[in-house]
Amino acid sequence: MNILVTGGLGFIGSHTVVSLYERGHQAVIIDDYSNASKEVLEKLETLIQSKIPFIEGNVTDSKLVENIFKNHQIDGVLHFAAFKAVGESVEKPIMYYENNLNATLTVAKLALEHKVKKFVFSSSCTVYGDQPSPFHEEMDLLPATNPYGATKQMSEQILKDISFAHPEFKVTLLRYFNPIGAHDSGLIGESPLGVPNNLMPYILDVALGKRPHLNVYGSDYPTLDGSGVRDYIHVMDLAEAHVAALEKSLKPVNIYNVGTGQGSSVLEVVKAFETMNDVKIPLNITARRPGDIAVSFADPAKIKNELGYQTKRDLNQMVKDAWNFAKRSNHA
Ligand code: UDP
């Protein structure tokens, strides 16, 4: 299949492009570099040993996106392009709603007009809100606690409604848990611009000596060691879920959690990182981060039962691959 990948130079998008080619598919990438560096395309082309059609621009630009559908025979869409910083979304709600919702609307509308039958959307476990884990797909979604989460819930609804009206337009909503790690080549990985918000990029900055310590947000959660628990998933496992969704999703609307089903605390992630990589991560135990929940992990049964998909890589592999990428890209 020839797949349009929006946001294909970002962390998850770029790894998914590799998985697509590994499975014999091809990609057309659109990305506006808002949270990706220019070298990623070259690195992808090195990894897959082939040129990848690339369009620079924002997916809310409907003329630009329309031309992509006109100029390429597109069989499916993987729609990653979106802003994703929770804190920023609280400060700049208009920017988040405007970008993320217009992006979904524009890409879905044009995909439908051009008779594309498969559309996979990057959703998030944040849509479940603060309720007990494991999260399973049939749970009611609680109101989002920030505009970023609201854009994921609203985009899910928009896509479900489109598929309801046009059942030939098969929509798959993938609710990601916490992707970390990197491709084992160390060529691509996660390199956010500015101060990292997420745990693993922050750990990597500390390991590289760019920051003195990791702030551990909370030591009084009702968890094993008091720090927050998340379901970390290797980004290549997450990438492979997209390919499975494209190849196997059958119903008009398919909703899947993509996680391992295993929760790990912040302190467990740090310990694994230190042990696997022989690097010390100084800690500063601090107050809870507003908006964080104590525990989040997936019930991964549905995607296994329906698509035969399961994750293959464990936490040790995730922390090893993350550090391998960080060292290579920073020449540590
Ligand atoms: N976290 C932390 N220090 C950081 C960043 C994150 O202790 O610098 C914790 C956070 O409170 C949560 C977990 O790490 O328990 C994962 O946070 P992240 O922002 O990576 O993902 P989230 O699950 O919040 O989307």
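Residues numbered from 1 in each chain as written. Predicted model: local features only at pLDDT ≥ 70, side-chain atom pairs only at ≥ 80, totals over all residues. Heavy atoms only, no water.

(A) How the structure looks around the sheet that holds strand S12 (residues 264-265). Strand order in the open sheet formed by three strands is S12-S9-S14, with mixed pairing between adjacent strands. Each having just a single partner strand, S12 and strand S14 (295-296) make up the two edges of the open sheet. Alignment of strand S9 (residues 229-230) against S14, held across two bridges, turns out to be parallel. Looking across to S14, one finds that Arg230 is bridged to Ser296. (Pairing = 2+ DSSP bridges. Helix = DSSP H or I, 4+ residues; strand = E, 2+ residues; numbered from the N terminus.)

(B) A look at helix H8 (residues 235-248). When the terminal C-alpha atoms of H8 are compared, their 20 Å separation across 14 residues agrees well with the 20 Å that a helix rising 1.5 Å per residue should span. For H8, the full list of buried residues reads Val235, Met236, Asp237, Leu238, Ala239, Glu240, Ala241, His242, Val243, Ala244, Ala245 and Leu246. (Expected span 1.5 Å × (residues − 1). Buried < 20%, exposed > 50% of the residue type's maximum accessible area, 1.4 Å probe, protein only.)

(C) Summary view of the pattern of salt bridges. Per the counting criterion, the structure on display carries 17 salt bridges. In this structure, Lys51 and Glu45 form a salt bridge, with 3.3 Å as the shortest nitrogen-oxygen distance. Residue classification places Lys51 among the exposed residues on the basis of a relative accessible area of 67%. Look at Glu45 and you get buried, because its relative accessible area is 14%. The partner of Arg313 in a salt bridge is Glu240, and the shortest N-O contact between them spans 3.1 Å. (Salt bridge = Lys/Arg side-chain N within 4 Å of Asp/Glu carboxyl O.)

(D) Structural detail: the layout of surface pockets. Its volume calculated, the second largest pocket comes out at about 220 Å³. For the second largest pocket, the lining is made up of 13 residues, of which Arg23, Glu240, Ala244, Tyr309 and Lys312 are closest to its centre. For the lining of the second largest pocket, the elements supplying multiple residues, two or more each, are helix H1 (11-22) and H8. If one sorts the elements of the lining of the second largest pocket by residue count, H8 sits on top with five residues. Class assignment for the residues of the lining of the second largest pocket results in four nonpolar, three polar and six charged. (1 Å grid on protein atoms, 1.4 Å probe; cavity = no way out; pocket = protein on both sides within 12 Å on 5 of 7 lines; lining within 4 Å. Points joined across faces, edges and corners; volume = space filled by probe spheres on them. Nonpolar A, V, L, I, M, F, W, Y, C, P; charged D, E, K, R; others polar.)

(E) Highlighting the side chain of Thr106. Positionally, Thr106 belongs in helix H5 (residues 93-113). Among the polar contacts made by the side chain of Thr106, one reaches the main-chain carbonyl oxygen of Asn102 at a distance of 2.6 Å. Those residues in contact with Thr106, other than ones at most four positions away along the chain, are Val59, Thr60 and Ser62. (Polar contact = N/O pair within 3.5 Å; in protein donor to acceptor, adjacent residues only side chain to side chain. Contact = heavy atoms within 4.5 Å.)

(F) Broad picture of the packing of helix H7 (residues 199-207) against helix H11 (residues 315-330). Where H7 contacts H11, the two axes come as close as 10 Å, and the packing angle between them is 55°. Considering their axes alone, H7 and H11 lie oblique with respect to each other. For the crossing formed where H7 meets H11, the hand is right-handed. Across the interface between the two elements, Met200, Leu204 and Ala207 of H7 pack against Val319, Ala322, Trp323 and Ala326 of H11. Counted by class, the contact of H7 with H11 contains seven nonpolar, no polar and no charged residues. (Axes fitted to C-alpha atoms, helices over the stretch in contact; angles between N-to-C directions. Parallel < 35°, antiparallel > 145°, perpendicular 65-115°, else oblique. Left-handed = near helix turned anticlockwise from the far one by under 90°.)

(G) Main features of the environment of Met95. Looking at the element boundaries, Met95 is found in helix H5. On the accessibility criterion, Met95 (30% relative accessible area) is partly exposed. With 12 residues separating them in the primary sequence, Met95 and Phe83 have C-alpha atoms 8.8 Å apart.

(H) Layout of the packing of aromatic side chains. Within the structure shown, the criterion is met by six aromatic pairs. Seen from their ring centres, Phe119 and Phe169 are 5.6 Å apart, and the 45° between their planes marks the pair as tilted. One end of the pair, Phe119, is in strand S5 (residues 118-124); the other, Phe169, is in the loop between helix H6 (147-165) and strand S6 (170-176), with 50 residues separating them in the sequence. Summarising the burial analysis for this pair, Phe119 and Phe169 share the class buried. Plain terms: the ring middles of Tyr128 and Phe135 are 4.8 Å apart, the flat faces sit at 20° to each other, and that makes the pair stacked. An identical accessibility class is assigned to Tyr128 and Phe135; each is buried. Members of the aromatic cluster, connected to one another through ring pairs, are Tyr128, Phe135 and Phe177. (Phe/Tyr/Trp six-rings, centres within 6.5 Å; stacked < 30°, edge-to-face > 60°.)

Structural measurements only, silent on function.
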